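Chain by chain, the residues:
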Amino acid sequence: MAVGGQGGGVLTGWIAALGERAGWHVQATSVAGVAQRTGATIYYIEMAPDGPRGRPVFALSPAPGHVDVLIAAEIMEAGRAAQRGFVTPDRTVLVASTHRILAVSEKQVPGDGRGDGAEVLAALRSHAAEIVAFDMEAVAREAGSVISASLFGGLARSGALPFAAAEFEAVIAGSGRGVEASLAAFRGALDWQPPAVAPPASEPGPEMAGPAAMMAEWSALCAELTAFDAEARNVAAAALGACVDYQDLAYGAEWLEHLRPFLGRGVALERAAAKYVARAMCYDDLIRVADLKTRARRAERVRVGQGVDGAAVLRVTEYVHPGAAEVCSALPRGLGAWIEGRAWAFGALDWAVNRGRRVRTDRISGFAMLWLVASLRPARRRLLRHGREVAHLEALVARALAALPGRPELAAEVLACQRLVKGYSDTHARGLSKFDRVMEGAAAVWDRADAADWVRRLRAAALEDEAGQALDGAVATVRSFAGPARDPERGAA
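Residues take numbers from 1 onward in each chain, read along the sequence in its written order. Two thresholds apply to this predicted model, a pLDDT of at least 70 for residue-level local features and 80 or more for giving and counting side-chain atom pairs, whereas whole-chain, interface and lining totals are computed over all residues. The basis for every side-chain value is the complete set of non-hydrogen atoms in the structure, without hydrogens or water.

### Quick word on the packing of aromatic side chains
Side-chain rings of Phe, Tyr and Trp (the six-membered ring for Trp) are treated as a pair once their centres are within 6.5 Å; stacked means planes under 30 degrees apart, edge-to-face means over 60, and tilted covers the remaining angles. On inspection of all chains with the given rule, the structure shows eleven aromatic pairs. An angle of 25° between the planes, with centres 6.0 Å apart, marks the rings of Phe-168 and Phe-186 as stacked. With Phe-168 in helix H7 (residues 165-175) and Phe-186 in helix H8 (residues 179-190), this pair connects stretches of sequence that are 18 residues apart. Here Phe-168 and Phe-186 have matching classes, each one buried. Ring geometry for Tyr-246 versus Tyr-283: centroids 5.7 Å apart, planes at 65°, classification edge-to-face. Here Tyr-246 is found in helix H10 (residues 233-246), whereas its partner Tyr-283 is found in the loop between helix H12 (267-281) and helix H13 (286-293), with 37 residues between them in sequence. Strands here are runs of E lasting at least two residues and helices are runs of H or I lasting at least four, both read from the DSSP assignment and numbered beginning at the N terminus. Throughout this description, buried means an accessible area under 20% of the type-specific maximum (1.4 Å probe, protein chains only), exposed means over 50%, and partly exposed covers the range between.

As structure tokens, this is what we get:
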């Protein structure tokens, strides 16, 4: 079972050639999936030598309970195969890669919609007679090949077929394309050993470089992290580095000031405050997007991802679609608010800018345009969007502080609701709307002993679907038993 780009057809051809080299009868068929990650293609192979009655008669598709070997190019595909009865403990040898390729349904979830591959693997161990499972995608990538070659190595490793490894290699060598890389991936899977467990790193800090005066200021900020509990220090160090990278050293100092009231009140609260205050401060805006797209390491990452070496010319096209709201948010507060407050001005601006554009950042003109937007970073504090984000952050911190000192777990759950606010434009508006509704629900249950649990439930419901249907149900449940909502910051109904 494989999806697009994984070389399922190539692997099928190799397996068929392996049987034919031994003089066996072989038949291979396939049932195509719908599209990449919405349906896997099933390649079905039957092979056998002459039997007592001569040439065998083969089937065209697999039958549940009658599969000897199943090869899955991704762990969730192995799980789906087991659900369909193709993996059985009395006969099936399972060869599967444990890496994940997220399905469309997983990506659509506003929160973390990923399935648990480790849980699927644990269940598969009781379904299969034997199992060979490790990250074969990583093995293939390291060899400069594709996963079909390492899956072929996994098949040889399993011993499910009565052929020596040299015969597998001869098949690859006879294919004539990408032989060296394919052989390297095959041998990497054949000889794979579990990596040694490395000891946990001790408080790694973000890497920074700069002039001596700035590095001295950075060191002073890092020294203040000793005020955090030792178990929260890693998260705090990452959050501080993110804030400084996002804006400047003074921004990191602002983050520390927001965190001081939460220190000494438990590891869970310190972690939540460090992480989610930083997330609120490092919001997505046009400046941030342009900054990330024009960084040198981003160009390097694109080259690696596309397999382009340093000597080749890489053409990069960025798709941008700014609207009037995004442009206003990047203007000085007075001017941006003036335009937003006048329908004719806002409409005229939207007519001028609201259209899709393709920007070639491999050209000086396209790169310079994004670079100029990124260069507005020093002025960010004076822009309309920043003023609104600061007001949002101050309200979030004030609400969390209202739960202290007696209920640090509630304060942590309130801060974690910042997960709902992300992106810009329509995405940001939807997230902010969900955040407001969750806070309304939190106000309704604020005086209950289980308020923290209810805030957690409301947030989880908000992350279940984009439309907010699960959140509607959760809010209705809260309203069915809660009294009048009160403002935790003011203590009034």
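### A word on the packing of helix H9 (residues 212-223) against H10
Each axis is a line fitted through C-alpha atoms, taken for helices only over the stretch in contact, and angles between the N-to-C directions span 0 to 180 degrees. At a closest axis distance of 11 Å, the pairing of H9 and H10 adopts a crossing angle of 150°. Both H9 and H10 take part in a crossing whose hand is right-handed. Residues Trp-218, Leu-221 and Cys-222 of H9 pack against Leu-240, Gly-241 and Val-244 of H10. Residues were grouped as follows: Ala, Val, Leu, Ile, Met, Phe, Trp, Tyr, Cys and Pro as nonpolar; Asp, Glu, Lys and Arg as charged; and all remaining residues, including Gly, as polar. Class assignment for the residues of the contact of H9 with H10 results in five nonpolar, one polar and no charged. When the near helix sits turned anticlockwise from the far one by under a right angle, the crossing is termed left-handed; a clockwise turn instead gives a right-handed crossing. By definition, residues are in contact when any of their heavy atoms lie within 4.5 Å.

### What about the nonpolar core?
In this text, buried Ala, Val, Leu, Ile, Met, Phe, Trp, Tyr and Cys residues form a nonpolar core when linked through side-chain atoms within 4.5 Å. Leu-225, Phe-228, Trp-255, Phe-262, Leu-410, Leu-415 and Val-438 are the most contacted members of the largest nonpolar core, which totals 62 residues. The element that contributes the greatest number of residues to this core is H12, accounting for nine residues. Setting aside residues no more than four positions away along its own chain, Phe-228 makes contact with Arg-233, Ala-236, Trp-255, Leu-256, Leu-259, Leu-263, Glu-270 and Ala-274. Grouped together as the second largest cluster of nonpolar side chains are 30 residues, Leu-11, Val-132, Val-139 and Val-171 included.

### Side note on helix H4 (residues 117-124)
For H4, the set of buried residues is Gly-117, Val-120, Leu-121 and Leu-124. Along the axis of H4, the buried residues cluster in a sector spanning 100°; they form a single face. Opposite the packed face of H4, turned more than 90 degrees from it, sit the exposed residues Ala-118, Glu-119 and Ala-122. Packing partners of the buried residues in H4 comprise helix H2 (75-83), strand S4 (93-97) and strand S5 (130-134). This arc corresponds to the set of directions leading from the helix axis out to the C-beta atoms.

### Digging into the sheet that holds strand S3 (residues 69-72)
Taken together, the three strands give an open sheet; going across it, the order is S3-S4-S5, and neighbouring strands pair in parallel fashion. What marks the edges here is a single partner per strand, and that holds for S3 and S5. On average, each strand axis in the sheet is inclined to that of its neighbour by 5°, with strand direction left out of account. Only strands that DSSP links by at least two bridges are regarded as paired with each other. Bridging between S3 and S4 involves four bridges; their strand directions are parallel. Across the sheet, Val-69 pairs through a bridge with Val-93, a residue of S4. Helix-sheet contacts for helix H5 (residues 136-143) involve S4 and S5, and the interaxial angle to S4 is about 55°.

### Concerning unusual backbone geometry
A cis geometry characterises the amide bond from Leu-404 onward to Pro-405, with omega recorded as 10°. Here Pro-405 shows up in the loop between helix H19 (384-401) and helix H20 (408-416).

### Digging into the packing of helix H1 (residues 8-21) against H7
The geometry of H1 relative to H7 is characterised by a closest axis approach of 9 Å and an angle of 115° between their N-to-C directions. Once H1 is placed against H7, the crossing between them reads as right-handed. Taking contact as the criterion, the partners of Trp-14, Ala-17, Leu-18 and Arg-21 in H1 are, on H7, Glu-167, Phe-168, Ala-170, Val-171, Ile-172 and Ser-175. Residue composition of the contact of H1 with H7, grouped by class: seven nonpolar, one polar and two charged.

### Some points on the state of the cysteines
A pair of cysteine sulfur atoms is labelled a disulfide when the two atoms are within 2.5 Å. Under the defined criterion, the tally for this structure stands at zero disulfides. The cysteine Cys-417 is free of any disulfide, with Cys-282 supplying the nearest cysteine sulfur at 19 Å. Accessibility expressed as a relative area gives 0% for Cys-417, which makes it buried.

### Side note on helix H17 (residues 343-353)
Among all positions of H17, only Ala-345, Leu-349 and Val-353 are buried. Burial along H17 is one-sided: seen end-on, the buried residues are contained in an arc of 50°. Structural note: H17 exposes Ala-343, Trp-344 and Trp-351 on the side pointing more than 90 degrees away from its buried face. Buried-residue contacts for H17 involve helix H15 (324-329), helix H16 (333-340) and strand S7 (357-360).

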